[in-house]
Amino acid sequence: MSSPRKSSQSMKPATAAKKLGVYLQATPDEFQQGVVSREELNALQADPPDWLRDLRRNGPHPRPVVAAKLRISIGGLTRAGLTEPLTTEQIEALKSENPDWLQRERATQVEVRKEAERFKVEKPNPRS
C-alpha cells in the first residue's frame, strides 16, 4: 500500500532548514519534528524568530554556509577534513589563522570561477 501523498505546499524540516541556510540539528525540536508549510517558511524568512536569527549569526552552520563563508567549495572542506558544522567563531578563527590548505582552496576556487566565467563568455546562451 502506498503512503498518503503530502501536499505540494509542505516540506520536510530538512528541506526547510536547507532553504533557511541553517543546520537542522541545531533548530528547536518542534521545528525538527514537524512539517513546514510554504506559508510557514515564508513567515520564517520574512520575520525570523530569535532562534533563527541566532543560528544564522552564530551557527553551527551547515557545510554549504561554512564553505561560502570561507570562500571555498564543499569539496575543499572535505579535502581539509572538515566534515562537521562550524560556528561563526570557529570560521572566523580559521580565517584569522589562514592555514595553507585554506589558501590553496581559495586559489582553486578563484580558478574555478574564472574558468566558469570564461566558458560562459565562449559559449553564449542559445536563448539570447
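Below: a short report on this structure. What you see is a predicted model, and the numbers here were worked out from it, not measured in a lab.

## A short note on unusual backbone geometry
The residue after G59, namely P60, is reached through a cis peptide bond having omega 5°. Even without glycine at this site, R71 takes up a positive phi of about 60°. Turning to its location among the elements, R71 is positioned in the loop between α5 (63-70) and α6 (74-79). The exposure class assigned to R71 is partly exposed, which follows from its relative accessible area of 48%. For N98, which is not glycine, the phi torsion reads 45° and is therefore positive. According to the relative accessible area criterion, N98 is partly exposed, its value standing at 28%.

## Focus on the pattern of salt bridges
Scanning the model with the defined rule gives five salt bridges in all. Note that D50 and R53 form a salt bridge whose closest N and O atoms lie 2.5 Å from each other. Here D50 and its partner R53 are both found in helix α4 (residues 50-58), three residues apart, which amounts to about one turn of the helix. Residue classification places D50 among the exposed positions, given a relative accessible area of 56%. For R53, a relative accessible area of 35% translates into the label partly exposed. A salt bridge links E92 to K95; the shortest N-O distance between them is 3.5 Å. Within this pair, E92 and its partner K95 are both found in helix α7 (residues 88-97), separated by three residues, close to a single helical turn. Of the residues examined, E92 reaches a relative accessible area of 40% and is grouped as partly exposed. Take K95: its relative accessible area is 30%, and that puts it in the partly exposed class.

The rules behind the values
- Here, residues in each chain are numbered from 1, in the same order as that chain's written sequence.
- Per-residue local features of the predicted model are confined to residues with pLDDT of at least 70, and side-chain atom pairs are confined, for both listing and counting, to 80 or more; whole-chain, interface and lining totals are unaffected and use all residues.
- Water and hydrogen atoms play no part in the side-chain values, which are based on all heavy atoms of the structure.
- Secondary structure elements are taken from DSSP: a helix is a run of H or I of four residues or more, a strand is a run of E of two residues or more, and numbering for both begins at the N terminus.
- Think of it in three bands: residues with accessible area under 20% of the maximum for their type are buried, residues over 50% are exposed, and the middle band is partly exposed, with areas taken using a 1.4 Å probe on protein chains only.
- Salt bridge, as used here: a side-chain nitrogen of Lys or Arg that lies within 4 Å of a carboxyl oxygen of Asp or Glu.

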